[in-house]
Amino acid sequence: MKILSAEQIRKWDEFTILNEPISSIDLMERAARQCTQWFEQKKGGFRKIRIFCGKGNNGGDGLAIARQLVEKDILSDVYILEFGSLGTNDFQTNLSRLHSFPVTIHFIQHQDFFPVIDKADLIIDALFGSGLNRPLDGLSLQLVQHLNKSAATIIAIDLPSGMFADKPSPTNAVIKAHETLTFQQLKFCFLFPENEPFFGEVHVLNIGLHPDFSIAGNSMFELTDWKMIKEIYKPRKQFSHKGTYGHALIVAGEKGKMGAAVLCTRGCLRSGAGLVSAMVPEEQFAIIQTAVPEAMAIAQETIETVDLSKYTTVGIGPGTGTSEESARLLQRVLVNYNRPIVIDADGLNIIAANDELLSELPPGSILSPHPKEFERIFGKTENHLERIQTARLQAQKLFVYIIVKGHYSFVACPDGEVYFNSTGNSGMATGGSGDVLTGILTGLLAQGYSAKESCLLGMFLHGLSADIAVKTTSQEALVAGDITEYLGKAFLSIAN
Ligand SMILES: NC(=O)C1=CN([C@@H]2O[C@H](COP(=O)(O)OP(=O)(O)OC[C@H]3O[C@@H](n4cnc5c(N)ncnc54)[C@H](O)[C@@H]3O)[C@@H](O)[C@H]2O)[C@H](O)CC1
Ligand SMILES: [K+]
């Protein structure tokens, strides 16, 4: 699913109005109806519902919701932020419709008119949506501060008021919503970790924008979905043997960090590689051979003489440390291997300290830093959007895939496209989960998925496996090893 800017979504509205066809006011009615149904199903037991409206179309949504709620016998008070100018056409139409309904309408012209809010109240925030074009100031700023100070539950319509839809809002006063009901699809702002304290849990409500609107090519940003992933997934052939699915080499681990090697090797095997060899320090053989008997062990000390060309791909970095010997391991692989490989963790830290290695990366390789590792290599970034833009430029320049891990991990591709992953949960913020991802990516590359397919399928499987796991383990108790254990169930749900 493409991620569109507020301007592109506005064009999609216009396209829908023209081609469905539907009037603009009926489209607003439909959007509001989705919200009303959500409130009906999910919310009850509040002392008072207070709907705060601006005079744009976001406010129009709020007025329509107030009327539709009365039709369901749910009463509310409406507060309109009043600057003396007329609202949008659809706002004004909904205001006149509301007059014949038993809803108390208050006009707020000064902070003395702010209501006292009880913690048992429900606030519906319909002050500003995607049309916000500058940070809030004056009375709107004061009102947002007043609402945020209350202990009431806040539900934002489309986006929390004060937040820009497409860019960071670092200095803005923004509504702190517990939940946000956003229309049709996720906006960019919901992918920025800095915004998380404001949007709470986000629900995407389908308001039926026209399916024929051509969004392809209009955006370089896309969210992975089941359809895309099911198209990438290739069922195994009946007449296959272990050689069909490649031979992956995992270069990982050092004394005290052998867990990283174990997790990475297990992730690689569980994602379907035919054969996996784990290159670890010779004195640590017992650990890997006991923990992962399906894998072969090969000594890191043999790196100068080993024939790397017999491996279909290499995954390098988890737990190797950054010593001179470890740097030498990476250097040898980079110089002597020319098919795409996966580099993570200490492999990335070694590159950060020796940036000349960037020019040695085999084309189409995958780097999978977390934000701190990313900044060590590519420099400090002010916010998530800047990180996305930097990753995009670097992926194009170096002809590599850069996966930046986090909630909505994303991959920047050499063709300039950026895909955000839609699976995963906070339980994954636990030691070793990145090592498992490296293993999965290497395993997928080994069995013949392209680097791009490996990134998209790998990130999705990694998150999905954790999503399935937490239903049993809880987010708190999830450990990285659980992600490998539940990979089978993740594969099954993609295959079926
Ligand atoms: N497809 C959809 O998603 C639909 C969305 N709908 C709703 O419409 C809003 C967008 O409406 P719009 O009128 O364009 O903008 P806003 O309501 O966000 O209001 C902006 C309004 O306020 C002025 N303004 C901008 N910044 C400020 C500021 N800092 N201080 C004061 N005033 C400001 C601006 O000039 C505008 O006049 C979308 O979010 C949805 O909620 C439709 O209902 C249906 C389809
Ligand atoms: K809002």
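Residues numbered from 1 in each chain as written. Chains lettered and ligands numbered in written order. Predicted model: local features only at pLDDT ≥ 70, side-chain atom pairs only at ≥ 80, totals over all residues. Heavy atoms only, no water.

Cut-off, in case you're wondering: UniProt positions are given in the numbering used here, feature names are shortened, and annotations may be inferred rather than shown by experiment.
Under an unreviewed UniProt entry, the protein chain has the name Bifunctional NAD(P)H-hydrate repair enzyme and belongs to Segetibacter aerophilus. Taken from UniProt, the Subunit (unreviewed entry) comment for the protein chain reads in full: "Homotetramer."

## Concerning the overall build of the protein chain
Counted only if it meets this: The helix count covers DSSP runs of H or I at least four residues long, the strand count covers runs of E at least two residues long, and both are numbered beginning at the N terminus. The rule is simple: take the accessible area with a 1.4 Å probe, protein chains only, and divide by the maximum for that residue type; under 20% is buried, over 50% is exposed, in between is partly exposed. Two residues form a contact once any of their heavy atoms are found within 4.5 Å.
Broken down by element type, the protein chain carries 17 helices and 17 strands. For the protein chain, the C-alpha atoms occupy an extent of roughly 85 × 45 × 40 Å along the three principal directions. The proportion of buried residues among the 496 residues of the protein chain is 58%. Within the protein chain, residue pairs in contact and separated by at least 24 positions form 73% of the contacts whose partners lie at least 6 positions apart.

## Quick notes on the pairing of strand 9 (residues 247-251)
Heads up, the rule is: The rule for pairing is simple: two strands pair if DSSP sees at least two bridges between them. Assignment of crossover handedness uses the view with strands pointing away from the viewer, where a clockwise path from the first strand over the helix to the second indicates a right-handed crossover.
Of all five residues in strand 9, five are buried; the element is thus mostly enclosed. Neither face of strand 9 is left uncovered, since the one carrying His-247, Leu-249 and Val-251 and the one carrying Ala-248 and Ile-250 both have all their residues buried. Here strand 9 runs beside strand 10 (residues 275-280); their pairing, made up of five bridges, is parallel. Among the inter-strand pairings, Leu-249 is bridged to a residue of strand 10, identified as Ser-277. Chirality of the crossover, the property in question, places the unit of strand 9, helix 8 (residues 258-270) and strand 10 among those that are right-handed. Sheet analysis places strand 9 next to strand 12 (residues 313-316), joined by four bridges and oriented parallel. Bridging across to strand 12, Ala-248 finds its partner in Thr-313.

## Things to note about the coordination of the potassium ion (ligand 2)
As a reminder of what qualifies: Note that water is not among the atoms considered, so a metal site may appear incomplete; the donors listed are N, O and S atoms within 2.8 Å of the metal, with 3.2 Å applied to Na, K and Ca. A site with four donors is called tetrahedral when every donor-metal-donor angle falls between 85 and 135 degrees; four donors are called square planar, and six octahedral, when opposite donors sit more than 155 degrees apart and all other angles fall between 65 and 115; any other arrangement is irregular.
Those protein atoms acting as donors to the potassium ion (ligand 2) are Asn-58 (OD1), Asp-125 (O), Phe-128 (O), Ile-157 (O), Leu-159 (O) and Ser-161 (OG), and they sit at 2.6 to 3.1 Å. Around the potassium ion (ligand 2) sit six donor atoms; with metal-centred angles ranging over 65 to 174 degrees, the donor geometry is irregular.

## Some words on the UniProt feature "binding site: K(+)" (unreviewed entry) in the protein chain
The line we're drawing: Distance and chemistry together define a polar contact, namely a pair of N or O atoms within 3.5 Å, with one atom able to donate a hydrogen and the other to accept it when in protein, and with adjacent residues in sequence counting only for side-chain atoms on both sides.
UniProt's feature table lists "binding site: K(+)" (unreviewed entry) at Asn-58, Asp-125 and Ser-161, given in the numbering used throughout. The annotated residues occupy 104 residues of the chain but converge on a single region, no pair of C-alpha atoms lying more than 9.3 Å apart. Secondary-structure assignment places Asp-125 in strand 4 (residues 122-126). Of the polar contacts made by the side chain of Asp-125, one reaches the backbone nitrogen of Leu-127; its length is 3.2 Å. Dropping the residues within four chain positions of it, Ser-161 is found in contact with Asp-125, Leu-127, Phe-128, Leu-136, Ala-173, Val-174 and Ile-175. At a separation of 2.4 Å, a polar atom in the side chain of Ser-161 contacts the side chain of Asp-125.

## Structural notes on the site of ligand 1
How we decide: Nearness is judged by heavy atoms alone; a residue qualifies as near a molecule or strand once a single heavy atom is within 4 Å of it. In this classification, Asp, Glu, Lys and Arg are treated as charged, Ala, Val, Leu, Ile, Met, Phe, Trp, Tyr, Cys and Pro as nonpolar, and every other residue, Gly included, as polar.
Looking at ligand 1, there are 20 residues lining it, with Asp-13, Asp-61, Gly-129, Arg-134 and Asp-158 nearest. Measuring from a nitrogen atom of ligand 1, one finds a backbone N or O atom of Arg-134 at 2.7 Å. Listing elements by their share of the shell around ligand 1, those giving two or more residues are helix 1 (6-19) and helix 3 (57-71). Counting residues per element, the shell around ligand 1 draws most heavily on helix 3, at three residues. Of the residues belonging to the shell around ligand 1, the class tally is nine nonpolar, seven polar and four charged.

## Some thoughts on the sheet that holds strand 2 (residues 77-81)
Selection criterion: Orientation is described by lines fitted to C-alpha atoms, with helices fitted over the stretch in contact, and by angles between N-to-C directions that extend from 0 to 180 degrees.
Read across the sheet, seven strands follow the order 3-2-1-4-5-6-7 without closing on themselves; strand pairing throughout is parallel. At either end of the open sheet lies a strand with only one pairing partner, and these are strand 3 (104-108) and strand 7 (201-205). Each strand of the sheet is rotated relative to its neighbour by a mean of 20 degrees, with strand direction disregarded. In terms of strand pairing, strand 5 (residues 153-157) meets strand 6 (residues 179-183) through three bridges, oriented parallel. From the neighbouring strand, Ala-156 faces strand 6, where its bridge partner is Thr-180. Across the sheet, helix 3 is in contact with strand 1 (49-53), strand 2, strand 4, strand 5 and strand 6; its angle to strand 1 comes to roughly 150 degrees.

## Comments concerning unusual backbone geometry
Omega for the peptide link from Glu-20 to Pro-21 comes to -20 degrees, which places this bond in the cis form. With a phi angle near 55 degrees, Tyr-408 is a residue other than glycine that sits in the positive phi range. Structurally, Tyr-408 can be placed in the loop between strand 15 (401-404) and strand 16 (410-412). The exposure class assigned to Tyr-408 is buried, which follows from its relative accessible area of 17%. Not every positive phi belongs to a glycine, and Ser-474 is a case in point at roughly 80 degrees.

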